[in-house]
Amino acid sequence: MQQKFHNAIQAIHGQKIPEFPAEILQLEKEINSKLASIVTVAEIIEKNTTLSGEVMRIVNSPIVKLREPVRSIREAVNVLGLDNIYNLVVAAAVKNLFGGEGLLKDIMDHSVDIAFCMADISEWVEGVSRDEAYMLGLFHNAGAMLLAAKDETKYDPLFRAGLSLPISCIAKEEAAYGSNHTIIGVLIGKKWHLPTEMLNAIMLHHNEKCERIKNDNVRAMVAMIKLASAIVSEISLGVYRGGEMKAYESDGLQELMIEENVITEIRTALMSYSFKD
């Protein structure tokens, strides 16, 4: 594994891994303290107006599905709880990791759609909350964003090929870079203090078979990414669904055992969903 990380660092040489925002470090420290305060947590989030605005937008969107909209960060913390609000703050920060033009915007838009689908899929998956699913959906392609930021022209055809060839795309990236976006994504996730299970899901989400993954939560997370990726490729991108994507989707469905009428509901929700800048 250390050799894989070394190769990943070489692949992004000259491109700095985005820093973990100071507000999230403070938030993490406060939430993990014995006397964590809702008031202090809200004040930390509110210090960054861009971040707090994005958090409010997520909280009051169909992603979270609150019964009533909240009017302030403090109210959001009260309603959602400390762990859930932390995940949504990290998700909000991810959206501002890189610039918002060209391939970078396409990758982020794709991740936003997958995150939305995963939040809905989580309703039928034990052990993965909506906020965890949404955060993972946004973060799963962070490595792709770093490769695009380094050299958009080189990475563009590789990323677009991966939308319809989710298994073989990894070998193509390895040939081009000596590494791939999943390992690079783990490097970013480690710097951003993501949970170990989420890091493993990022690393394994292009795995051919979920059954090879021993950890139940990681296996479920990977299956969710597979299913969401297939839905997004079909609905949002209009990408040709060849045998490889169909097998990728089928493997995710087999693991999650979600009924077709549920998938239809998620597809319909995605088609009516508008949450990208």
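First, a word on what this report is: a plain description of the structure on this page. A quick note: this is a predicted structure, and the numbers were derived from the prediction, not measured.

What follows concerns helix H2 (residues 22–31). Residues Glu23, Ile24, Leu27, Glu28, Glu30 and Ile31 constitute the buried set of H2. Angular distribution of buried residues about the axis of H2 spans 165°; they occupy a single face of the element. Summarising the contacts, the buried residues of H2 are in contact with helix H3 (38–46), helix H4 (49–59) and helix H6 (82–94).

Between helix H9 (residues 142–150) and helix H10 (residues 152–162), the shortest axis-to-axis distance is 6 Å and the interhelical angle comes to 140°. The angle between the axes of H9 and H10 places the two elements in the oblique class. As H9 runs across H10, the sense of the crossing is left-handed. Note on element contacts: H10 touches H9 through Glu152, Tyr155 and Phe159, opposite Ala144, Leu147, Ala148 and Lys150.

All chains considered together, the criterion is met by 16 salt bridges. A salt bridge links Lys191 to Glu19; the nearest nitrogen and oxygen atoms lie 3.2 Å apart. You can see Lys191 sitting in helix H12 (residues 181–191) and its partner Glu19 sitting in the loop between helix H1 (2–11) and H2, a full 172 residues away along the chain. The partly exposed category is assigned to Lys191, whose relative accessible area is 29%. Arg57 is paired through a salt bridge with Glu54; the nearest N and O atoms lie 3.4 Å apart. Residue Arg57 and its partner Glu54 are located together in helix H4, separated by 3 residues, close to a single helical turn. Among the charged side chains, a network of salt bridges with common partners joins Lys65, Asp120, Glu123 and Arg130.

The rules we used
- Residues numbered from 1 in each chain as written.
- Predicted model: local features only at pLDDT ≥ 70, side-chain atom pairs only at ≥ 80, totals over all residues.
- Heavy atoms only, no water.
- Buried < 20%, exposed > 50% of the residue type's maximum accessible area, 1.4 Å probe, protein only.
- Helix = DSSP H or I, 4+ residues; strand = E, 2+ residues; numbered from the N terminus.
- Arc of directions from axis to C-beta.
- Contact = heavy atoms within 4.5 Å.
- Axes fitted to C-alpha atoms, helices over the stretch in contact; angles between N-to-C directions.
- Parallel < 35°, antiparallel > 145°, perpendicular 65-115°, else oblique.
- Left-handed = near helix turned anticlockwise from the far one by under 90°.
- Salt bridge = Lys/Arg side-chain N within 4 Å of Asp/Glu carboxyl O.

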